[in-house]
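# What the coordinates show
Each chain is listed here by its residues.
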Amino acid sequence: MICLTLSENTIAACLERVKAERDYIDMCELRLDFLTKEECAKAKVFPSLVDLPCIVTNRRVQDGGRCALSERQRRAQLMDALDGDFKYIDIEEDLKRGELDEKAEARGVKIIRSMHDFEKVPDDIFSRIQQLRKRADVAKVAVTPRSIADVMTLFNAQKELEGIDKIIIGMGPYGIPTRILYKRMGSMLTFCSNNQTAPGQLSSRVLKTLYHADQVDEKTAIYGIIGNNVTNSLSPLIHNPGFRGIKYNAIYVPFLVDSVRSFFALAENLRMRGFSVTVPFKLDVLSYCGNITREVKQIGACNTVVRMPGLWKGINTDYYGFLAPIENDIESGRIRTALVIGAGGASNAIVWALRNRGVKVTILNRTLSRAEKIAQVNICSFDRLDNCKAYEGQVDLIVQTTTVGYDSWANPIEGFAFTGREICYDILTKPKMTKFLSDAQAAGCSLHFGQEMLIAQGKLQFEAFTGYHYPAGVAIDLDAPIQ
Ligand code: ATR
């Protein structure tokens with residue numbers, strides 16, 4: 001079940017919110033601590049006004065909530081709310097059994113006993129869950145994984161605590177896969193909100209329409225993307241709709257990773273079928289792959305790992321993805337010469353791709369030694385970035401591979417005089433239109449966007465993952481929400 005946490009301060013606003021998100025949710029949680037004092041007094045009518053099972057919660061400040069009342073007043077608000085038809089009441093771990101439990105039981109309201117840890121995943125989490133469950137209908141733990149090993153501990157709950165009614169939430173960025181794959185932890189529900197009432201929470205719409213999280217079952221094949229900054233990755237917007245397009249019971253989830261070794265252990269545990277690899281792990285995954293393709297060997301980077309019988313295979317679809325939008329222009333001879341701006345990991349694959357197709361390449365980089373290194377391997381020329389003006393009017397293609405323009409409106413070759421005949425290609429995916437492309441467009445150049453490369457490499461990845469072509473009828477919308 002997908003449960004919406006309501007953080008509005010009036011009952012009317014909560015009802016509006018439920019109405020707006022009704023298509024995406026199965027339950028809702030009324031948080032008394034967000035309501036004003038007057039509105040709190042009306043909480044008991046709330047369940048009769050919505051056609052969903054409701055949880056009532058009055059979260060204390062120490063547990064991440066807003067209720068700063070005395071404990072007696074806080075409990076009095078909950079007692080009052082219990083006159084309404086709530087399905088569940090959330091009572092904290094440390095509260096002794098008392099009138100709240102008695103009233104809940106008398107009214108047939110199920111008790112959720114909850115424990116929060118905003119620092120870590122406690123070592124004794126499984127026994128804590130068992131203890132909580134002894135005192136309630138459902139045990140709830142909201143904890144904070146700090147590593148992929150912690151994430152694995154949470155997924156182990158399914159096996160270790162089979163048959164125990166529980167809610168498990170992994171908070172923060174490491175916890176995102178646990179919020180999406182909640183059913184694979186044996187968790188009864190996942191919480192969502194549109195204004196992140198807890199760190200790492202996703203919106204109901206994303207959980208329901210992008211991930212179809214409520215439809216995950218034992219047979220769902222799990223795929224994902226690993227990196228150190230994947231929370232905003234656009235790749236889920238490519239793969240999840242693609243899986244649905246071919247009616248494949250599969251899901252693609254972002255995994256924030258601190259250790260590749262731990263991640264491979266998790267991938268085995270979850271019986272993952274494959275995953276995308278991004279910064280900074282494109283090299284690190286190689287030592288875990290039993291088989292790599294020629295391109296991976298040449299480029300020295302792997303962006304896709306696929307499960308094969310008995311081993312993991314590393315492939316590189318960045319290479320083809322980069323070429324796809326300019327393939328025809330290379331084929332026709334319109335592109336014979338290229339300037340590649342930047343000499344990082346992405347540049348390496350691009351230079352190799354262009355050289356492999358016979359394009360004459362010059363690499364420009366701020367740090368000359370990095371450009372020299374790539375140039376030597378790929379047999380091409382190189383120069384300092386601030387000599388860029390020497391190449392004005394000299395090249396057919398200019399590829400921007402630096403990180404300049406990602407978080408600022410800046411062009412690494414500021415002042416470069418485009419003739420208007422160049423094809424200009426920026427591999428940044430966000431923003432779509434960078435200053436480099438905008439300057440090139442103003443001079444009349446034709447443009448290619450990083451999002452074209454992302455989609456092309458993603459479609460090839462999809463083929464490697466599934467054995468099927470990406471479905472023609474699926475329109476990829478990279479502007480759709482991802483959180
Ligand atoms: P990736 O592997 O994703 O390509 P990277 O290895 O960090 O990332 O490479 C980033 C590229 O952006 C490098 O070419 C870097 O230039 P240096 O090698 O001189 O560091 C370039 N870059 C980053 N910030 C820059 C800046 N302010 N001006 C010019 N180039 C910059």
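Coordinates for the structure precede this section.
This structure is a prediction, so every number in the text was calculated from the model and none was measured.

Our focus in this paragraph is the sheet that holds strand β19 (residues 423-426). If you trace the six strands from one edge of the open sheet to the other, you get β17-β16-β15-β18-β19-β20, paired in parallel fashion. Each end of this open sheet is capped by a strand with a single partner; those strands are β17 (381-384) and β20 (446-448). Pairwise comparison of adjacent strand axes, ignoring direction, gives a mean angle of 20° for this sheet. Sheet analysis places strand β15 (residues 337-341) next to strand β18 (residues 397-400), joined by four bridges and oriented parallel. In the strand pairing of β18, Leu-339 is matched with Ile-398. With respect to the sheet, helix α16 (residues 368-378) is in contact with β16 (360-365) and β17, its orientation differing from that of β17 by roughly 175°.

Positionally, Thr-317 belongs in the loop between β14 (311-315) and α13 (318-323). Between the alpha carbons of Thr-317 and Asn-303 there is a distance of 6.7 Å; along the sequence they are 14 residues apart. There is a polar contact of 3.1 Å between the side chain of Thr-317 and the side chain of Gln-457.

This next bit is on the packing of helix α4 (residues 71-81) against helix α5 (residues 99-106). Across the interface, α4 lies against α5 with an axial gap of 10 Å and an inter-helix angle of 5°. Our classification of the angle between α4 and α5 gives roughly parallel. Here α4 contributes Arg-75, Leu-78 and Met-79 to the contact with α5, which in turn contributes Glu-99, Leu-100 and Lys-103. Grouping the constituent residues of the contact of α4 with α5 by class yields three nonpolar, no polar and three charged.

Considering the arrangement of structural elements, one finds Thr-434 in the loop between β19 and α17 (435-442). Taking the relative accessible area as the measure of exposure, Thr-434 reaches 1% and is therefore buried.

Turning next to empty space enclosed by the protein. Any empty space left between the atoms is revealed when a probe the size of a water molecule rolls over them. Taken as a whole and judged by the stated rule, the model has two cavities of 30 Å³ or more. Its boundaries defined by the atoms lining it, the largest cavity holds a volume of some 60 Å³. Lining the largest cavity are Ile-176, Ile-180, Leu-202, Tyr-211, Val-230, Thr-231, Ser-233, Pro-236, Pro-254, Ile-482 and Gln-483. A breakdown of the residues in the lining of the largest cavity according to their chemical character gives eight nonpolar, three polar and no charged. Lining the second largest cavity are Pro-173, Ile-176, Val-230, Thr-231, Pro-254 and Leu-256. Residues that form the lining of the second largest cavity fall into these classes: five nonpolar, one polar and no charged.

Let us now look at the packing of aromatic side chains. Under the counting rule described, the total for this entry stands at 18 aromatic pairs. A ring pair is formed by Tyr-223 and Phe-243, whose centres lie 5.1 Å apart and whose planes are at 35°; its orientation type is tilted. One end of the pair, Tyr-223, is in strand β9 (residues 221-227); the other, Phe-243, is in helix α10 (residues 236-245), and 20 residues separate them in sequence. Across the pair, Phe-243 and Tyr-223 agree in class, each one buried. A cation sits over an aromatic face here: Lys-432 above Phe-449, 4.8 Å from the ring centre.

Attention shifts here to the pairing of strand β1 (residues 2-6). For β1, the buried fraction is high: five of the five residues fall into the buried class. Side chains of β1 alternate between two faces, with Ile-2, Leu-4 and Leu-6 and Cys-3 and Thr-5 buried alike. Note that β1 and strand β8 (residues 190-192) share three bridges and pair parallel. Residue pairing for β8: Cys-3 is matched across the bridge by Phe-191. Pairing geometry for β1 and strand β2 (residues 27-31), over four bridges, is parallel. Bridged to Cys-3 within β2 is Met-27.

On to α5, then. All of the buried residues in α5 are Leu-100, Asp-101 and Ala-104. For α5, the arc enclosing every buried residue in end-on projection is 95°, short of the 170-degree limit, so these residues lie on one face. After α5 finishes, the residue Gly-108 shows a positive phi value of roughly 75°.

The linkage connecting Val-279 with the following residue, Pro-280, adopts the cis geometry, with an omega of 5°. Assignment of secondary structure puts Pro-280 in the loop between β11 (274-277) and β12 (291-292). With omega at 0°, the peptide bond leading from Lys-430 into Pro-431 counts as cis. Position of Pro-431 among the secondary structure elements: in the loop between β19 and α17. One non-glycine residue with positive phi stands out, namely His-212, at about 50°. Following the sequence through the fold, His-212 ends up in the loop between α9 (204-210) and β9. Under the relative-accessibility criterion, His-212 is labelled buried at 15%. Here Ile-379, not a glycine, exhibits a phi torsion of approximately 55°, which is positive. Topologically, Ile-379 is positioned in the loop between α16 and β17.

Let's shift gears to helix α7 (residues 148-160). The first and last C-alpha atoms of α7 sit 18 Å apart over 13 residues, in line with the 18 Å expected at 1.5 Å per residue. Along α7, the residues classified as buried are Ile-148, Asp-150, Val-151, Met-152, Leu-154, Phe-155 and Ala-157. On the buried face of α7, the contacting elements are α6 (125-134), β6 (138-143), β7 (166-170), α8 (176-180), β10 (250-256) and α11 (260-269).

What follows covers the environment of Leu-100. Following the sequence through the fold, Leu-100 ends up in helix α5. Measuring from C-alpha to C-alpha, the distance between Leu-100 and Asp-80 comes to 9.9 Å, with 20 residues separating the pair along the chain. For Leu-100, the contacting residues outside a window of four places in its chain are Arg-75, Leu-78, Met-79, Leu-82, Ile-89, Ile-91 and Leu-95.

Conventions adopted
Residues numbered from 1 in each chain as written. Predicted model: local features only at pLDDT ≥ 70, side-chain atom pairs only at ≥ 80, totals over all residues. Heavy atoms only, no water. Pairing = 2+ DSSP bridges. Helix = DSSP H or I, 4+ residues; strand = E, 2+ residues; numbered from the N terminus. Axes fitted to C-alpha atoms, helices over the stretch in contact; angles between N-to-C directions. Contact = heavy atoms within 4.5 Å. Polar contact = N/O pair within 3.5 Å; in protein donor to acceptor, adjacent residues only side chain to side chain. Parallel < 35°, antiparallel > 145°, perpendicular 65-115°, else oblique. Nonpolar A, V, L, I, M, F, W, Y, C, P; charged D, E, K, R; others polar. Buried < 20%, exposed > 50% of the residue type's maximum accessible area, 1.4 Å probe, protein only. 1 Å grid on protein atoms, 1.4 Å probe; cavity = no way out; pocket = protein on both sides within 12 Å on 5 of 7 lines; lining within 4 Å. Points joined across faces, edges and corners; volume = space filled by probe spheres on them. Phe/Tyr/Trp six-rings, centres within 6.5 Å; stacked < 30°, edge-to-face > 60°. Lys NZ or Arg CZ within 6 Å of the ring centre and 35° of its normal. Arc of directions from axis to C-beta. Expected span 1.5 Å × (residues − 1).

Any functional reading would require information that these geometric values do not contain.
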